[in-house]
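Chain and residue survey
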Amino acid sequence: MQSKLKIAFIGGGNMATALIGGLLPEVTAPEYVHVVDPYQESLDKLAKQFGVSTALQIDASIEKTDIIILSVKPQQLRQVAEALVPYVSAQLILSIAAGIRSVDIARWLNGYHKIVRSMPNTPALIGKGVTGLYATSSVLPEQREAADHIMQAVGSTVWLDDESLIDAVTAVSGSGPAYVFYFIEAMQQAALELGLPAEQAMQLAMATFDGATQLALKSTDPVAVLRERVTSKGGTTYAALSSMEDHGVKAAIMQAVKAAAARGKELGDEFGAQS
């Protein structure tokens, strides 16, 4: 892989900002990063923070890049792809737009197929993300490696052989942080109702999630075994988990993840139908 990749970001939002921060200076240098965004305020902020070049619209400067990262909203992707057509020749197209399939991106790019789809999640904003990726058959090995380096700048990566599994990644890890926040909210609310002050309720809930996650990551045992070790029959944890089972919490969570995956597929159908 090149030591200094020339990268263009189409879209300068939070995820682009996180990626640029993670990429500099190890993967590339500020003079090799170009950001296109319709909002001058966003561009000024990125230029001041990172020293990158910026533009309000796509132009011929895109031709000089190795990788074009599509970091716009799904509903904007068709317009962006069509604007890129005159300037794409051999670059890798790395899309972080949710839902849009590579076949549709390729169609909007007038048949250009060097595309990697990715699904990062919001912990990428603090370098703790996880990203699912899928590469089309036209992507060169060195381009795949470059895409991996870029997304590893904000966390870990998981490569998929089947693009349809991106919907599952979206449901599990893409939407997943919201599930965790939802559970933390519930724990905090319960703590408040049990009489704990708000600050202590937050501290206890946050530290519990962080500690349990770190324990699970560092342990060689399955999470089911870890759960069993803190669940003495007839004890407090047993009472809590029994209540969750009685209320179908596990089944509800599984159904929720499947609903997210189904919605991801629907969005792909919806946005991809744009001709």
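Note: the structure precedes this text.
The residue numbering used here restarts from 1 in each chain and proceeds along that chain's sequence as written. Owing to the predicted nature of the model, reporting of local features is limited to residues with pLDDT of at least 70; listing and counting of side-chain atom pairs is limited to 80 or more, with chain, interface and lining totals taken over all residues. Each side-chain value is worked out from all heavy atoms of the structure, with water and hydrogens disregarded.

1. Here's the deal with the overall build of the protein chain
Scanning the protein chain from terminus to terminus reveals 11 helices and eight strands. Projecting the C-alpha coordinates of the protein chain onto the three principal axes gives extents of approximately 70 × 40 × 35 Å. Burial classes: relative accessible area under 20% of the type maximum marks a residue as buried, over 50% as exposed, and values in between as partly exposed (1.4 Å probe, protein chains only). Here the protein chain holds 275 residues, and the buried ones make up 39% of them. Should any heavy atoms of two residues lie within 4.5 Å, those residues are counted as being in contact. For the protein chain, long-range pairs separated by at least 24 residues make up 60% of all intrachain contacts whose partners lie at least 6 apart in sequence. Total accessible area on the protein chain stands at roughly 15200 Å², and carbon and sulfur atoms take up 57% of it. None of His or the chain ends enter the tally, which takes Lys and Arg as positive and Asp and Glu as negative. In this description, the location of a charge corresponds to atom NZ of lysine, CZ of arginine, CG of aspartate or CD of glutamate. Seen as two clouds, the 21 positive and the 28 negative side-chain charges of the protein chain have centres 2 Å apart. Only DSSP runs of H or I with at least four residues qualify as helices, and only runs of E with at least two residues qualify as strands; both kinds are numbered from the N terminus onward. Exposure was quantified through the Shrake-Rupley algorithm and a 1.4 Å probe, taking into account, for residues, occlusion by the shown protein chains and nothing else.

2. Thoughts on the side chain of glutamate 163
Its place among the elements puts glutamate 163 in the loop between strand E8 (155-159) and helix H6 (166-174). Using a relative accessible area of 16% as the deciding quantity, one classes glutamate 163 as buried. What qualifies as a polar contact is a pair of N or O atoms within 3.5 Å, subject to a donor-acceptor requirement within protein and to the restriction that residues adjacent in sequence count only when both atoms come from side chains. Only 3.0 Å separates the side chain of glutamate 163 from the side chain of arginine 117, close enough to count as a polar contact. Each residue touching glutamate 163, except ones within four places of it in the same chain, is listed here: Arg101, Ser102, Arg117 and Tyr134.

3. Points about the pattern of salt bridges
Where charged atoms from two side chains of opposite charge come close, those side chains can pair. Whenever a carboxyl oxygen of Asp or Glu lies within 4 Å of a side-chain nitrogen of Lys or Arg, that contact is scored as a salt bridge. Here the structure, examined in full by the defined rule, presents seven salt bridges. Close ionic contact of arginine 117 with glutamate 163 constitutes a salt bridge, the shortest N to O distance being 3.0 Å. A residue pair is termed long-range when its members are at least 10 positions apart, and arginine 117 in strand E6 (residues 115-119) and glutamate 163 in the loop between E8 and H6 qualify at 46 residues. A salt bridge links lysine 265 to aspartate 269; the shortest N-O distance between them is 3.4 Å. With lysine 265 and aspartate 269 both in helix H11 (residues 249-272), this residue pair falls four residues apart, about one helical turn. Given a relative accessible area of 45%, lysine 265 falls into the partly exposed group. Using a relative accessible area of 37% as the deciding quantity, one classes aspartate 269 as partly exposed.

4. Observations concerning the pairing of strand E4 (residues 67-70)
Where burial is concerned, the two faces of E4 agree: the one with Ile67 and Ile69 and the one with Ile68 and Leu70 are both buried. Of the strand pairs in this sheet, E4 and strand E5 (residues 92-95) are connected by four bridges, and their pairing is parallel. What sits directly across from isoleucine 68, in E5, is isoleucine 93. Assessed by its sense of winding, the connection that carries the chain from E4 through helix H3 (residues 77-84) to E5 is right-handed. When DSSP finds at least two bridges between two strands, those strands are taken to pair. Look down the strands so they point away from you; if the path from the first strand over the helix to the second goes clockwise, the crossover is right-handed.

5. What to know about the packing of aromatic side chains
Each Phe, Tyr or Trp ring (for Trp, its six-membered ring) is paired with any other whose centre lies within 6.5 Å, and the angle between the two planes then decides the class: stacked below 30 degrees, edge-to-face above 60, tilted in between. Summed over all chains, the structure comprises one aromatic pair. Aromatic pair phenylalanine 183 and phenylalanine 209: ring centres 5.7 Å apart, planes at 65 degrees, arrangement edge-to-face. You can see phenylalanine 183 sitting in helix H7 (residues 176-193) and its partner phenylalanine 209 sitting in helix H8 (residues 198-218), a full 26 residues away along the chain. Since its relative accessible area comes to 29%, phenylalanine 183 is described here as partly exposed. Take phenylalanine 209: its relative accessible area is 21%, and that puts it in the partly exposed class. Its end group placed over the ring of tryptophan 159, arginine 144 keeps NZ or CZ at 4.1 Å from the ring centre. Put simply, a charge is over a ring when the Lys NZ or the Arg CZ is close to the ring centre, within 6 Å, and near the line of the ring normal, within 35 degrees.

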